[in-house]
Amino acid sequence: LSEWHRLWRHVAGNKKRWVDIRVYALDSAAQLHQTISKAKAPPMNWPEVLSDDDEQMRSAAILLAPSDSALLPTAIAMLQRDASQLVALSAGQWLCSPKARPLPAAAITRAQKLALVQTLPIHARVDLAACLLAEGSVKSRQALAILLQKSPPALRRNLLALTQGK
């Protein structure tokens, strides 16, 4: 397993490969890393992967990264400043789920702006709603209301249930 882990990490880091291949390789390496005991597996170099030039790779990397407090400043910076909405949204999802912990104040403005994006995937809408709800400010409540309005009816019912604690 350790050898497969090393090989998948190598493929993920090879910028000459197509990004789809690199994302799958990163996913495989991350899964193998969790399977192999930490004593045997070399650590993933998350800062390197999270600063990749390709937005799809950065987006996948933050979603695959362990829920580690050492990565918190990087994820906040990605949410606040990444030029890609996809990466910012992924960073917001990582920050908020699975515990729906409140976003730091410095990052909430970008999260509120993401609520206005019409094309958010369903899973992203749910995670964003949980974040905005956990943060609880007037602006977050307003952004949550907009997110609800822009969601399809079936999802709107689920988001409403989330906001009402059901």
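A. View of the pattern of salt bridges. Inspection of the entire model under this criterion finds three salt bridges. A salt bridge links Glu3 to Arg6, with the nearest nitrogen and oxygen atoms 2.6 Å apart. With Glu3 and Arg6 both in helix α1 (residues 2-13) and three residues apart, the pair spans about one turn of that helix. Looking at Glu3, the relative accessible area reads 44%, which means it is partly exposed. A salt bridge links Arg58 to Asp82; its shortest N-O distance comes to 3.0 Å. Within this pair, whereas Arg58 is found in helix α4 (residues 55-64), its partner Asp82 is found in the loop between α5 (72-81) and α6 (85-96), the two being separated by 24 residues in sequence. In this pair, the class of Arg58 matches that of Asp82, namely buried.

B. Here's a closer look at the environment of Thr163. Looking at where Thr163 falls in the secondary structure, it is placed in helix α10 (residues 153-163). Judged by its relative accessible area of 23%, Thr163 is partly exposed. When sequence neighbours within four positions are dropped, the list of residues in contact with Thr163 reads Leu133 and Leu144.

C. Spatial organisation of the side chain of Ser90. Mapping Ser90 onto the fold places it in helix α6. Not counting residues within four places of it along the chain, the set of residues in contact with Ser90 comprises Ser59, Ile62 and Leu63.

D. Structural view of the packing of α4 against α6. Packing of α4 against α6 leaves a shortest axis separation of 8 Å and a crossing angle of 5°. When the axes of α4 and α6 are compared, the pair comes out roughly parallel. Packed against α4, whose contacting residues are Glu55, Gln56, Arg58, Ser59, Ile62 and Leu63, the element α6 presents Leu86, Val87, Ser90, Ala91, Gln93 and Trp94 at the interface. Among the residues making up the contact of α4 with α6, the classes are represented as six nonpolar, four polar and two charged.

Here is what the cut-offs are and how they apply
- Residues numbered from 1 in each chain as written.
- Predicted model: local features only at pLDDT ≥ 70, side-chain atom pairs only at ≥ 80, totals over all residues.
- Heavy atoms only, no water.
- Salt bridge = Lys/Arg side-chain N within 4 Å of Asp/Glu carboxyl O.
- Helix = DSSP H or I, 4+ residues; strand = E, 2+ residues; numbered from the N terminus.
- Buried < 20%, exposed > 50% of the residue type's maximum accessible area, 1.4 Å probe, protein only.
- Contact = heavy atoms within 4.5 Å.
- Axes fitted to C-alpha atoms, helices over the stretch in contact; angles between N-to-C directions.
- Parallel < 35°, antiparallel > 145°, perpendicular 65-115°, else oblique.
- Nonpolar A, V, L, I, M, F, W, Y, C, P; charged D, E, K, R; others polar.

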